[in-house]
Amino acid sequence: MGPSISLSNVALRYENNIVLQDISVSLDAGKCHVIMGPNGGGKTSLLRSILGLTPFKGEINVNWTDKKGKIGYVPQKATFEPSLPLTVLDFILLNQSRSPLFFNFNKKHKVKALAQLARLGMADRAMFRMGQLSGGEQQRVLFAQALLDNPDLLILDEPTNGMDDQGVRYFESLISDLVKEQKTILVVHHDISAVRRLEAIVHVVNGVLIESGDASEVLHTSKIEQLFNHYRSTPMTDVANKSTATTTSTNSEVA
Amino acid sequence: MDTLRLLASQGAEAGWLSESFSYAFMVNALVAALLVGPLLGGLGTLVIAKRLAFFSEAVGHAALTGIAIGVLLGEPPENPIIGLFCFCMIFALLLHFVRNRTAVPYDTLVGVFLAVALAGGAALLMYVARKINIHMLENVLFGSILTITDFDLLVLGVSCLLIIVGLVFTFNRILLASISPDIAKVRGYNTHFYDYLFVMMITLVTIAAVKIVGAVLVGALLLIPGATARLMTKSMGSFVLLSSLLATLSCLIGTLLPMELKLPIPSGASIILVAASFFLIATIYRIIGGRS
């Protein structure tokens, strides 16, 4: 079973730029949660705060049911130098095993790595350099890496960026399978129709938490334009006050 | 070492080996080359992956100041190892520390540190010149196989052992921490620790290789075999192995060749020229291969 995650008054700023302010929300265990919002709204910063990659104010608790489980993470983008002879298989082995790549003669490791790549349709690219892959293919490999340890908490930052339709469909079916296994999944996603298909709980963030709830409610056509307005028309402090009320009601609904 | 030197001498007398092997310093130099070659080649691949070529050059050049400080503090001018070790280590760690705490681009920061270290070294050498014959320093700066002693081999052996053990256990994590630090952090790896560990390895190998390659040229030997291997290999494992092989061959050939051809060239320069010729061959091969 995946963990639940609770955020309380989470705030983040880079010098004078307020990125996140007063985010309080509870993410239920064993569900798929999608964070949406306009560009620059702080979605990635929120994920990074949960992962402990960015210092923040406030409190974030990842509540594991038993002992601390594994976390899988797909970053928004990874840059691989094209001339570095790091193959797809090398990259998976790097994440999977401590045996140095120049001394790794363990067939089991390679079989496991290839099986994981096959799961994402990348086994035939195993000997390609990471830097030679397209953006969508790199995302698939990053996804394969995230699934290596059968994680209980999966955090994905725009995982379908650059993926073709087949990749996106596969991603969706995999997410659906993982939710059935009661893993907790947290995804930053831009594609509204794809999110509707995921049947996830949607959290719209634009500096503050704008709205949380089922995809069918939050992504209602009448609200879309207002929710994804790129510019913060209301001063941050006013929005923060409003959002506190929203968050509180969301928490009570989830509870 | 005595047994090895005796065997080499007997081999030379019997005509199995070249006359050069009858000299004890030559055997010492070849043992040093065999120890330091694979290590420089292996670490060089990480230097390239982490884009730290300029950094390794800077550490090598900082050795100039380290040597001057060591001599001024009373160390023997032919082997000022404590001054060299302490200064290079402080230089490298401080550079990395400042990098982690400022937004200054890394190459700019390395440039600043390199300039300060060189300027400091140049200033101190004026004082050093009053105490010793300044030409003695050329051995340390550009390498000299004549000066390798049993104690140097012991220091080299211990350094190599430490680095190899460290590298075997941490290679994957150092590489992952440089390619994708966020993934490494989420996996629970202390990326700062692996960064600093790598910096310490580079510094240690620089100091260990000073006698044979020379402080100024050691950075090049970290870089050139790796750059050559990158042109010729298709996976990370073969990249490391080929780089190690090329670095070892460069060290061995570069040490032997001036002796065999009776050329008055410092070992460091000779080693780098051999490594550079491998690079040239690989580049031509790639260009021709690319056309066909």
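Scroll up for the structure.
Residues numbered from 1 in each chain as written. Chains lettered and ligands numbered in written order. Predicted model: local features only at pLDDT ≥ 70, side-chain atom pairs only at ≥ 80, totals over all residues. Heavy atoms only, no water.

A. Quick look at the overall build of chain A. A tally of regular secondary structure across chain A gives 9 helices and 9 strands. A buried classification covers 54% of the 255 residues belonging to chain A. Sequence separation of at least 24 residues holds for 70% of the intrachain contacts in chain A that already meet a minimum separation of 6. Total accessible area on chain A is roughly 11800 Å²; 49% of this is exposed by carbon and sulfur atoms. (Helix = DSSP H or I, 4+ residues; strand = E, 2+ residues; numbered from the N terminus. Buried < 20%, exposed > 50% of the residue type's maximum accessible area, 1.4 Å probe, protein only. Contact = heavy atoms within 4.5 Å. Areas by Shrake-Rupley, 256 points an atom, 1.4 Å probe, with all protein chains shown as cover.)

B. Representation of the sheet that holds strand S1 (residues 4-14) of chain A in the model. Residues and elements named next belong to chain A. On the basis of which strands lie adjacent, the open sheet formed by 3 strands has the order S2-S1-S4 and antiparallel pairing. Edge positions in the sheet fall to strand S2 (17-27) and strand S4 (57-63), since each of these pairs with one other strand and no more. If you compare each strand with its neighbour and ignore which way they point, the axes differ by 15° on average. Taken together, the 6 bridges between S1 and S4 define a ladder with antiparallel strand orientation. Within S4, the residue paired with Ser 4 across the bridge is Asn 63. Those strands touched by helix H1 (residues 43-51) are S1, S2 and S4, and its axis lies near 120° from that of S1. (Pairing = 2+ DSSP bridges. Axes fitted to C-alpha atoms, helices over the stretch in contact; angles between N-to-C directions.)

C. Here's a closer look at the pattern of salt bridges. Here the structure, examined in full by the defined rule, presents 12 salt bridges over all chains. A salt bridge links Asp 164 of chain A to Arg 140 of chain A; the nearest nitrogen and oxygen atoms lie 3.2 Å apart. Residue Asp 164 of chain A is found in the loop between strand S6 (153-157) and helix H5 (165-180), and its partner Arg 140 of chain A is found in helix H4 (residues 135-146); the two are separated by 24 residues along the sequence. Judged by its relative accessible area of 13%, Arg 140 of chain A falls in the buried class. In this structure, Arg 187 of chain B and Asp 149 of chain A form a salt bridge, with 2.8 Å as the shortest nitrogen-oxygen distance. Linking Arg 187 of chain B in the loop between helix H8 (181-186) and helix H9 (191-208) with Asp 149 of chain A in the loop between H4 and S6, this pair reaches from one chain into another. (Salt bridge = Lys/Arg side-chain N within 4 Å of Asp/Glu carboxyl O.)

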